[in-house]
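Survey of secondary and tertiary structure
The primary structure of each chain is shown beneath.
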Amino acid sequence: MPICVIVICNVQINKQDIITRKIDKSKDIPLIKEISVKCFPDEDAFEIVNALFDIEHFYVAEFVKEKKVVGYIAFGIYSIRTSHIMILAVHPDYQQNGIGSILLSMVTDIAEKLPITKIRLEVRTTNIPAIKFYEKYNFDIITKLESYYDDASNAYLMTRDTRKETKEKD
Ligand SMILES: CC(C)(COP(=O)(O)OP(=O)(O)OC[C@H]1O[C@@H](n2cnc3c(N)ncnc32)[C@H](O)[C@@H]1OP(=O)(O)O)[C@@H](O)C(=O)NCCC(=O)NCCS
């Protein structure tokens, strides 16, 4: 009789077990590097993240029970009205637990306090999970950016009007 073995790799976690905080460069870099390599295997993502460590808005999500960084977000505020998400990633073992949503809310929370009316980002046109994620939070595809990445692949420019409701789409 065939035996069916199901291996579940992903960790189930409660949102209360996640805290967000500013990056602490003295201890967070190895895990950020690990997440980057796993999430963006086709790019030199750590190189990209490395260039962002000193920006004002670089936050990590920490799984408190394991004292482990499991995700991060970096974004900038470039004009009085626009914020730009440069990178957002959640460790693959911890995805689909609401951590990306918690990190994204850091941008929206700050946007609400400032006169920011638009949040923008670029995402690979092939990155369907991320596109679905952003669409859930009212980001719209505005245009396709041909050969946007170093490997000549395309991106979508997505933006969110922060004056829209922050509630999830039905
Ligand atoms: C995109 C990403 C940050 C989402 O993080 P996450 O913690 O898994 O997201 P959440 O658990 O908060 O998901 C919220 C919603 O996003 C959507 N979503 C998330 N992952 C999805 C997937 N794999 N497929 C389809 N929809 C998905 C769902 O609508 C989900 O809501 P639900 O749980 O009610 O179904 C994560 O998939 C990731 O790190 N990907 C690799 C890096 C990347 O592509 N970053 C974005 C480009 S900069």
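Residues numbered from 1 in each chain as written. Predicted model: local features only at pLDDT ≥ 70, side-chain atom pairs only at ≥ 80, totals over all residues.

Counting residues in hydrophobic clusters, the biggest one holds 32 residues, and the most contacted among them are Y72, I73, I85 and I99. At the level of elements, α1 (29-39), β2 (57-63), β3 (68-79), β4 (82-90), α3 (99-113), β5 (118-124) and β7 (155-161) are the ones that each hand at least two residues to this core. Counting residues per element, this core draws most heavily on β3, which supplies six residues. Those residues in contact with I99, other than ones at most four positions away along the chain, are I18, A61, V70, G71, V90 and Y94. (Core = buried A, V, L, I, M, F, W, Y, C linked by C-beta atoms within 7 Å. Buried ≥ 20, exposed ≤ 12 C-beta atoms within 10 Å, placed from the backbone. Helix = DSSP H or I, 4+ residues; strand = E, 2+ residues; numbered from the N terminus. Contact = placed C-beta atoms within 7 Å.)

So, about the site of the ligand. Taken together, 19 residues lie around the ligand, and Q95, G100, S101, P129 and K132 are the ones closest in. The set of elements that each furnish at least two residues to the shell around the ligand consists of β4, α3 and α4 (128-136). The leading source of residues in the shell around the ligand is α4, at five residues. (Near = placed C-beta within 6 Å.)

For P30, the position within the fold is in helix α1. On a C-alpha basis, the gap between P30 and V69 in space is 9.5 Å, while along the polypeptide they are 39 residues apart.

Before going further, it helps to spend a moment on the sheet that holds β4. Ordered in space as β1-β2-β3-β4-β5-β7-β6, the seven strands form an open sheet in which the pairing is mixed. Every interior strand has two partners, whereas the edge strands, β1 (18-22) and β6 (140-145), have only one. Neighbouring strand axes in the sheet, compared pairwise and without regard to direction, differ in orientation by 25° on average. Relative to β4, β3 runs antiparallel, the two sharing eight bridges. Bridging from a neighbouring strand, I77 pairs with S83 of β4. Here α3 sits on the sheet in contact with β1, β2, β3, β4 and β5, set at roughly 165° to β4. (Pairing = 2+ DSSP bridges. Axes fitted to C-alpha atoms, helices over the stretch in contact; angles between N-to-C directions.)

A separate point is the pairing of β7. The side-chain alternation of β7 yields one buried face, formed by Y156, M158 and R160, and one unburied face, formed by A155, L157, T159 and D161. Taken together, the seven bridges between β5 and β7 define a ladder with antiparallel strand orientation. By the bridge assignment for β7, I119 is matched with R160. Bridge count for β6 against β7 is five bridges, and the pairing is antiparallel. Within β7, the residue paired with T143 across the bridge is L157.

Now for α3. The terminal C-alpha atoms of α3 lie 22 Å apart, and with 15 residues this matches the ideal 21 Å at 1.5 Å per residue to within 8%. Close packing links the buried residues of α3 with β1, β2, β3, β4, β5 and α4. (Expected span 1.5 Å × (residues − 1).)

Another point: the confidence of the model for the protein chain. Predicted confidence across the protein chain gives a mean pLDDT of 88, with 91% of residues reaching 70 or more. This stretch, residues 4-8, has a pLDDT under 50; its non-local contacts, to residues over four places away or in other chains, come to zero contacts. Note that pLDDT drops below 50 for residues 166-170; the model gives that stretch four contacts with residues more than four away or on any other chain. (pLDDT = per-residue confidence, 0-100.)

When you line up the elements, A45 lands in helix α2 (residues 45-50). For A45, a count of 19 C-beta atoms within 10 Å gives the class partly exposed. It is 9.4 Å that separates the C-alpha atoms of A45 and I87, two residues lying 42 residues apart in sequence. Ignoring anything within four residues of it in the chain, the contact list for A45 reads S36, V37, C39 and F40.

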